[in-house]
Amino acid sequence: MKNKKGVQINQMKRELAQLLETGQERTDRIRVEHVIREEKMVATYDLIEIYCEFIVGRLPIIESQKTCPVDLKEAVTSVICAAPRCSDISELYDVRKQFTAKYGKDFVSAAIELHPDCGVSRMLVLFVGGSHEGLG
């Protein structure tokens, strides 16, 4: 997914450079905003990948504890939060279902709705959008 987005971004940048040469300012602005959104998505994919690797490495800890370990809360809640916002990564929904079964609907809802102190990464919120007031 990251590679595909990267190729798309490079193509958009080339097209944007051509538009800049022709002086189409309104179209330029729209394209620049689109390129920025796509670059944020690639950064989001990178962050999600890091969190997923972190979670996989600590699955025995997750399995052995009833509640989410404090040192895993940011990774777990960020992956949960990303699931509906990164719908092109269908596996995130499966992960979210597993965490719902493990930690309950309230824990998952707090992450998705970005409740205060829910644990979701501020960086992820900046990348995917949404209010980050009260995030820990």
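Rules of the game
Residues numbered from 1 in each chain as written. Predicted model: local features only at pLDDT ≥ 70, side-chain atom pairs only at ≥ 80, totals over all residues. Heavy atoms only, no water. Helix = DSSP H or I, 4+ residues; strand = E, 2+ residues; numbered from the N terminus. Buried < 20%, exposed > 50% of the residue type's maximum accessible area, 1.4 Å probe, protein only. pLDDT = per-residue confidence, 0-100. Contact = heavy atoms within 4.5 Å. 1 Å grid on protein atoms, 1.4 Å probe; cavity = no way out; pocket = protein on both sides within 12 Å on 5 of 7 lines; lining within 4 Å. Points joined across faces, edges and corners; volume = space filled by probe spheres on them. Nonpolar A, V, L, I, M, F, W, Y, C, P; charged D, E, K, R; others polar. Core = buried A, V, L, I, M, F, W, Y, C linked by side-chain atoms within 4.5 Å. Phe/Tyr/Trp six-rings, centres within 6.5 Å; stacked < 30°, edge-to-face > 60°. Expected span 1.5 Å × (residues − 1).

Chemist: Explain unusual backbone geometry to me, using residue names and the numbers behind them.
Modeler: At leucine 114, a residue that is not glycine, the phi angle is positive and equals roughly 55°. On the secondary structure map, leucine 114 appears in the loop between helix 6 (105-112) and helix 7 (122-128). Leucine 114 gets classed as buried once you look at its relative accessible area, which sits at 10%. Even without a glycine there, the phi angle at aspartate 117 is positive, about 60°. Topologically, aspartate 117 is positioned in the loop between helix 6 and helix 7.

Chemist: Which residues make up the confidence of the model for the protein, and what values do they have?
Modeler: Summing up the model confidence of the protein, the mean pLDDT is 85 and the portion of residues at 70 or higher is 88%. Contacts for the low-pLDDT stretch residues 131-136, under 50 throughout, to residues beyond four places or in other chains number 18 contacts.

Chemist: Mind laying out the layout of surface pockets, listing which residues take part and the relevant values?
Modeler: A probe as big as a water molecule, rolled over the atoms, marks out the empty space that is left. Put simply, the largest pocket is a space of about 420 Å³. Considering the residues around the largest pocket, the lining is formed by 20 residues, among which Cys52, Val79, Glu91, Leu92 and Val95 are closest to the centre. Listing elements by their share of the lining of the largest pocket, those giving two or more residues are helix 1 (2-22), helix 2 (25-57), helix 3 (59-64) and helix 5 (91-103). Residue composition of the lining of the largest pocket, by class: 13 nonpolar, two polar and five charged.

Chemist: Now, about the side chain of glutamate 38: what can you tell me, with residues and values included?
Modeler: For glutamate 38, the location among the structural elements is in helix 2. Once residues lying within four places of it in the same chain are set aside, the contact partners of glutamate 38 are Lys5, Gln8, Ile9 and Met12.

Chemist: Give a description of the nonpolar core that names residues and reports values.
Modeler: Grouped together as the largest cluster of nonpolar side chains are 30 residues, with contacts concentrated most on Val76, Leu92 and Val120. Elements that contribute at least two residues to this core include exactly helix 2, helix 4 (73-85), helix 5, helix 6 and helix 7. Ranked by the residues each element gives to this core, the list is headed by helix 4, at seven residues.

Chemist: Residue-level account of the packing of aromatic side chains, with values.
Modeler: This structure, assessed with the given rule, holds two aromatic pairs. Note on phenylalanine 99 and tyrosine 103: the rings are 5.9 Å apart at their centroids and 10° apart in plane angle, and the pair reads as stacked. Remark: tyrosine 103 and phenylalanine 99 occur in helix 5; sequence separation between them is four residues, near one turn of the helix. As far as burial versus exposure is concerned, phenylalanine 99 and tyrosine 103 are alike and both buried. Ring centres 5.1 Å apart and planes at 55° place the aromatic pair tyrosine 103 and phenylalanine 107 in the tilted group. Aromatic rings pair up to connect Phe99, Tyr103 and Phe107 into one cluster.

Chemist: Just give me the short version of the side chain of serine 121, but keep the residues and values in it.
Modeler: Residue placement: serine 121 occurs in the loop between helix 6 and helix 7. Given a relative accessible area of 6%, serine 121 falls into the buried group. For serine 121, the contacting residues outside a window of four places in its chain are Leu47, Tyr51, Glu74 and Ser78.

Chemist: Please provide a residue-by-residue account of helix 4, values included.
Modeler: Across its 13 residues, helix 4 extends 19 Å between first and last C-alpha, which sits within 8% of the 18 Å expected from 1.5 Å per residue. Of the residues making up helix 4, those classed as buried are Ala75, Val76, Thr77, Ser78, Val79, Ile80, Cys81, Ala82 and Ala83.

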